[in-house]
Amino acid sequence: MVQRLVFAGLMILVGVGCQTTSQRSASSLPAPTFDAPPVTLRAAVPPPPPAAPTQAVSASGQANPSSGVPRGWAPPVKARPWRWIVIHHSATDHGGAKAFDKMHRDKGWDELGYHFVIGNGTDTPDGMVEVGSRWPKQKYGAHCKTPDNRYNEYGIGICLVGNFDNTRPTPAQMKALARLTAYLMQTYRIPASRVIGHGDAKPTDCPGHNMSVASVRRMAQAIVDSGAATDPALARGSAGSIGNASANQ
Ligand SMILES: [Zn+2]
């Protein structure tokens, strides 16, 4: 058995080696030696499996959406020059980032198309913000295709779980959405007028006729004006301060 492993390891070494080398030397290779040093065995260890979809999505939302700015919201790389925030509904009764990631990959997409997903108490807790795998990389979105692709290139895609043609977003979802939107508006200097629904960018029913984007703009702007958009202490509900309206420009 050990000998077979060693032999397999050698074959793998030959197989993964530089092509020109293996082609040139295939006939001149020494015969496999079955008492090769143990280090050869390490080549027989299979590489780690590719990351599962669940690992591609980090659920850095929090049980209590008002407990400060979650670290996952601030990407570890240089920010993309975001210009819009685009709101979607999933048009499904249930789901979460993991389920939608699979759905999008099954369609042949690279990964979850949205940057954030806000749960409705089915797959994830009601109002929980999940950070999609694109966000830490500051990668363009795949949620709002238009001829010039500007909303995918420079639009942050937020999807709320639910079908808002049939139901309404839950209060916890709206609170989390306002909080996240305010944070993004403040951080990327996006004015409320550039917080839009998917249907504002192209003909689609998304995010459903029961989703009021105007309400989201109003709620998010109030948080920005209170100075709580990026301040964990203020976000916990303590006294407000003089509003920072720089994001309105
Ligand atoms: Zn949409």
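The structure we're discussing is the one just above.
If you're wondering where the values come from, they're calculated on a predicted model, not measured in any experiment.

(A) Seen up close, the pattern of salt bridges. Applying the stated criterion across every chain yields a total of 8 salt bridges. The salt bridge involving Asp 110 is made with Lys 139; its shortest N-O contact spans 2.9 Å. With Asp 110 in the loop between α4 (97–106) and β2 (116–118) and Lys 139 in the loop between β3 (129–131) and α5 (150–154), this residue pair connects regions lying 29 residues apart in the sequence. In this structure Asp 110 comes out as partly exposed when scored by relative accessible area, which is 33%. Members of the salt-bridge network, linked through shared partners, are Asp 110, Glu 111, Arg 134, Lys 137 and Lys 139.

(B) Quick peek at helix α6 (residues 171–188). Here α6 contains 18 residues, and its C-alpha end-to-end distance of 25 Å stays within 8% of the 26 Å for a straight helix at 1.5 Å per residue. Where burial is concerned, most of α6 is hidden: 14 out of the 18 residues are buried. Immediately downstream of α6, the backbone of Arg 189 shows phi near 55°, a positive value.

(C) Molecular detail of the coordination of the zinc ion. Donor atoms from the polypeptide that bind the zinc ion are His 88 (ND1), His 198 (ND1) and Cys 206 (SG), placed at 2.0 to 2.2 Å. Going along the chain, you hit the donors of the zinc ion in the pattern H-x109-H-x7-C. Of this pair, His 88 sits in strand β1 (residues 84–89) while Cys 206 is found in the loop between α7 (198–201) and α8 (213–226), placing the two residues 118 residues apart along the sequence. His 88 sits in the buried class, given a relative accessible area of 1%. Classification of Cys 206 as buried rests on a relative accessible area of 10%.

(D) Structural view of the packing of aromatic side chains. In total, this model carries 5 aromatic pairs according to the counting rule given. For the ring pair Trp 73 and Tyr 183, a centre distance of 5.5 Å and an interplane angle of 55° mean the geometry is tilted. Taken together, the positions of Trp 73 in the loop between α3 (53–56) and β1 and Tyr 183 in helix α6 put the pair 110 residues apart, joining distant regions of the chain. The exposure class of Trp 73 is buried, given its relative accessible area of 1%. By the ring-pair criterion, three or more aromatic residues cluster together here, those being Trp 82, Phe 116, Trp 135 and Tyr 188.

(E) Expanded view of the nonpolar core. Phe 116, Ile 156, Ile 158, Leu 177, Leu 184 and Met 211 are the most contacted members of the largest nonpolar core, which totals 34 residues. Of all the elements in the fold, those that place two or more residues in this core are β1, β2, β3, β4 (155–160), α6 and α8. In terms of residue count, the dominant contributor to this core is α6 (10 residues). When sequence neighbours within four positions are dropped, the list of residues in contact with Ile 158 reads Ile 85, Val 86, Ile 87, His 88, Phe 116, Ile 118, Leu 177, Leu 180, Thr 181 and Leu 184.

(F) Structural detail: the sheet that holds β4. Pairing in this open sheet of 5 strands is mixed, and the strands run β3-β2-β4-β1-β5 from one edge to the other. Looking at the sheet topology across the chains shown, the edges are occupied by β3 and β5 (195–197). Across the sheet, the axes of successive neighbouring strands diverge by a mean angle of 25°, strand direction being ignored. Sheet contacts for α6: β1, β2, β3, β4 and β5; angle to β4, the most-contacted strand, approximately 170°.

Cut-off values and rules
Residues numbered from 1 in each chain as written. Predicted model: local features only at pLDDT ≥ 70, side-chain atom pairs only at ≥ 80, totals over all residues. Heavy atoms only, no water. Salt bridge = Lys/Arg side-chain N within 4 Å of Asp/Glu carboxyl O. Helix = DSSP H or I, 4+ residues; strand = E, 2+ residues; numbered from the N terminus. Buried < 20%, exposed > 50% of the residue type's maximum accessible area, 1.4 Å probe, protein only. Expected span 1.5 Å × (residues − 1). Donors = N, O, S within 2.8 Å, 3.2 Å for Na, K, Ca; no water. Phe/Tyr/Trp six-rings, centres within 6.5 Å; stacked < 30°, edge-to-face > 60°. Core = buried A, V, L, I, M, F, W, Y, C linked by side-chain atoms within 4.5 Å. Contact = heavy atoms within 4.5 Å. Pairing = 2+ DSSP bridges. Axes fitted to C-alpha atoms, helices over the stretch in contact; angles between N-to-C directions.

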